[in-house]
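If you want the building blocks of each chain, they are given just below.
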Amino acid sequence: MAHATDTTGTEPTRRDFLMLTTGAFGAVGVGALVVPLVSQLAPDAQVVAAGAPIDLDLAPIAEGQAIKLFWRGKLIFVRNRTKKEIDEALAVDIATLRDPQTDQQRTKAGHEKYLVVYGSCTHLGCVPLGSSPGEPKGEFDGWFCPCHGSHYDSSGRIRKGPAPLNLPVPPYAFTADTKIKIG
Ligand code: FES
């Protein structure tokens, strides 16, 4: 079993694949354990390296919190949105948006509280802040990219700053009420 200090050896460090950003515990993968740190939680490294779909249990993500994980080498944010964040996202007139998309187009029906997006700013690829406790979420309760000042809203849509596009939504589907498969 890999553990957090394992940085060498035959098995890549599993912390590379999932970073919990809250006090909540997370669980990923088949038969995953719920533990406070993430090193044991990520899918098998070989599975990830192969680009296979990964299963993610969202139940440990408390409302208002988010996790980060890597899939196919790309950072992904998963946020359990508050009612306020959802209401703000729904209230936006998409005609005012640079990259017009409704919140419904960016979430799954019946699971609107969860938002799943790639964690790479669409300007020049910095990692936006807003997934970890204490980080600024920007002016629209989403994410803030400090590199050049892009603000994303609580649906991950670009609202202010130089980024041209919304944070993309990766391919995923719900397999149970609080479980998704990414890929
Ligand atoms: S890379 Fe995010 S604003 Fe430039």
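Rules used throughout
Residues numbered from 1 in each chain as written. Predicted model: local features only at pLDDT ≥ 70, side-chain atom pairs only at ≥ 80, totals over all residues. Heavy atoms only, no water. Salt bridge = Lys/Arg side-chain N within 4 Å of Asp/Glu carboxyl O. Helix = DSSP H or I, 4+ residues; strand = E, 2+ residues; numbered from the N terminus. Buried < 20%, exposed > 50% of the residue type's maximum accessible area, 1.4 Å probe, protein only. pLDDT = per-residue confidence, 0-100. Contact = heavy atoms within 4.5 Å. Core = buried A, V, L, I, M, F, W, Y, C linked by side-chain atoms within 4.5 Å.

A. Examining the pattern of salt bridges more closely. One pass over the structure, following the stated rule, counts 10 salt bridges. In this structure, the salt-bridge partner of glutamate 85 is arginine 79, at a minimum N-O distance of 3.5 Å. Ionic pairing is found between lysine 160 and glutamate 139, a salt bridge with its closest N-O pair at 2.8 Å. One end of the pair, lysine 160, is in strand β9 (residues 158–160); the other, glutamate 139, is in the loop between β6 (114–118) and β7 (141–145), with 21 residues separating them in the sequence. For lysine 160, a relative accessible area of 37% puts it in the partly exposed group. The structure contains a network of salt bridges with shared partners spanning Arg79, Glu85 and Lys137.

B. Just unusual backbone geometry, in detail. Of note, arginine 72 is a non-glycine position whose phi angle comes to about 55 degrees, a positive value. With respect to the helices and strands, the residue arginine 72 is situated in the loop between β4 (66–71) and β5 (74–80). Despite not being glycine, aspartate 141 has its phi angle at roughly 60 degrees, a positive value. Looking at the element boundaries, aspartate 141 is found in strand β7.

C. The confidence of the model for the chain, seen in detail. Predicted confidence across the chain gives a mean pLDDT of 83, with 73% of residues reaching 70 or more. Predicted confidence for residues 1–41 stays below pLDDT 50, and this span has 88 contacts to residues more than four positions away or in other chains.

D. Quick peek at the nonpolar core. The biggest cluster of nonpolar side chains holds 16 residues, and the ones touching the most others in it are Leu56, Leu58, Leu69, Ile76, Val78, Ile180 and Ile182. Where this core is concerned, the elements lending two or more residues are β3 (54–57), β4, β5, β6, β10 (172–176) and β11 (179–182). Excluding residues within four positions of it along the chain, isoleucine 76 makes contact with Ile67, Lys68, Leu69, Trp71, Val116, Val117, Tyr118, Gly119, Pro170 and Ile182. Of all hydrophobic cores here, the second largest spans 11 residues; its members include Phe77, Cys121, Trp143 and Tyr152.

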